[in-house]
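Read off the chains here:
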Amino acid sequence: TSVVATLTVLVPSPILSAPAYGANGIFQFNVGGAGGNNYVIACSTNLIDWLPLETNTSPFTFTDTNAMNVPLQFYRAQPSP
């Protein structure tokens, strides 16, 4: 017998790769993480206020068709709650 233990399983952080602007003004990148897990893509113009854009299952390609209308934009991916 031993003391009661707690096991915490953490979902790996997503990896954003292959960012690219398309000729038609779209911006896209690949999202990789633990296969089959859902990730939320969010954007921000000031790194403080974040707006969720899409939730999808890894791996996937995120495409922002509104990117050319925003002069400065940041993106992040987080595991979906």
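Here goes a summary of the coordinates provided.

Scoring rules and cut-offs
- Residues numbered from 1 in each chain as written.
- Predicted model: local features only at pLDDT ≥ 70, side-chain atom pairs only at ≥ 80, totals over all residues.
- Heavy atoms only, no water.
- Helix = DSSP H or I, 4+ residues; strand = E, 2+ residues; numbered from the N terminus.
- Rg over C-alpha atoms; globule rule 2.2 N^0.38 Å.
- Buried < 20%, exposed > 50% of the residue type's maximum accessible area, 1.4 Å probe, protein only.
- Contact = heavy atoms within 4.5 Å.
- Areas by Shrake-Rupley, 256 points an atom, 1.4 Å probe, with all protein chains shown as cover.
- Core = buried A, V, L, I, M, F, W, Y, C linked by side-chain atoms within 4.5 Å.
- Pairing = 2+ DSSP bridges.
- Axes fitted to C-alpha atoms, helices over the stretch in contact; angles between N-to-C directions.

Take the overall build of the protein next. Assigned secondary structure in the protein consists of zero helices and six strands. Traced from its N-terminal end to its C-terminal end, the protein shows the element sequence β-β-β-β-β-β. For 81 residues, the compact-globule estimate of 2.2 N^0.38 gives 12 Å, and the protein exceeds it by more than 25% at 16 Å. Expressed as lengths along the three principal axes of its C-alpha atoms, the size of the protein is roughly 65 × 25 × 15 Å. A total of 81 residues make up the protein; the buried ones form 26% of that total. For the protein, the share of sequence-separated contacts (at least 6 apart) that also reach a separation of at least 24 residues comes to 51%. As displayed, the protein offers around 5600 Å² of accessible surface, 58% of which is attributable to carbon and sulfur atoms.

What follows concerns the nonpolar core. In terms of nonpolar packing, the biggest core is built from twelve residues, these being F27, F29, V31, A34, Y39, I41, C43, F60, F62, A67, Y75 and A77. For this core, the elements supplying multiple residues, two or more each, are β2 (27–32), β3 (38–44), β5 (60–64) and β6 (74–79). Among all residues touching F27, those that are not within four sequence positions of it are P19, A20, Y21, F62, T63, D64, A67 and Y75.

Okay, unusual backbone geometry next. In this structure, the amide linkage connecting S58 to the following residue, P59, adopts the cis form with an omega of -5°. Counting through the fold element by element, P59 comes out in the loop between β4 (51–57) and β5. The backbone of A18 sits at a positive phi, close to 55°, despite the residue not being glycine. Relative to the elements of secondary structure, A18 occurs in strand β1 (residues 15–21).

In this structure, β3 lies alongside β4, joined through six bridges in antiparallel fashion. Each bridged residue has a counterpart across the sheet, and for I41 the counterpart in β4 is E54. Counted along the chain from β3 to the antiparallel partner β4, the turn is six residues long, and its residue L47 has a positive phi close to 65°.

This part is about the sheet that holds β6. Note on sheets: strands pair through backbone hydrogen bonds, and any given pair is parallel or antiparallel. Strand order in the open sheet made by the three strands is β4-β3-β6, with antiparallel pairing throughout. Because the sheet does not close on itself, it has two edges, and the strands there are β4 and β6. Taking each pair of neighbouring strands and ignoring which way they run, the sheet shows an average axis angle of 25°.

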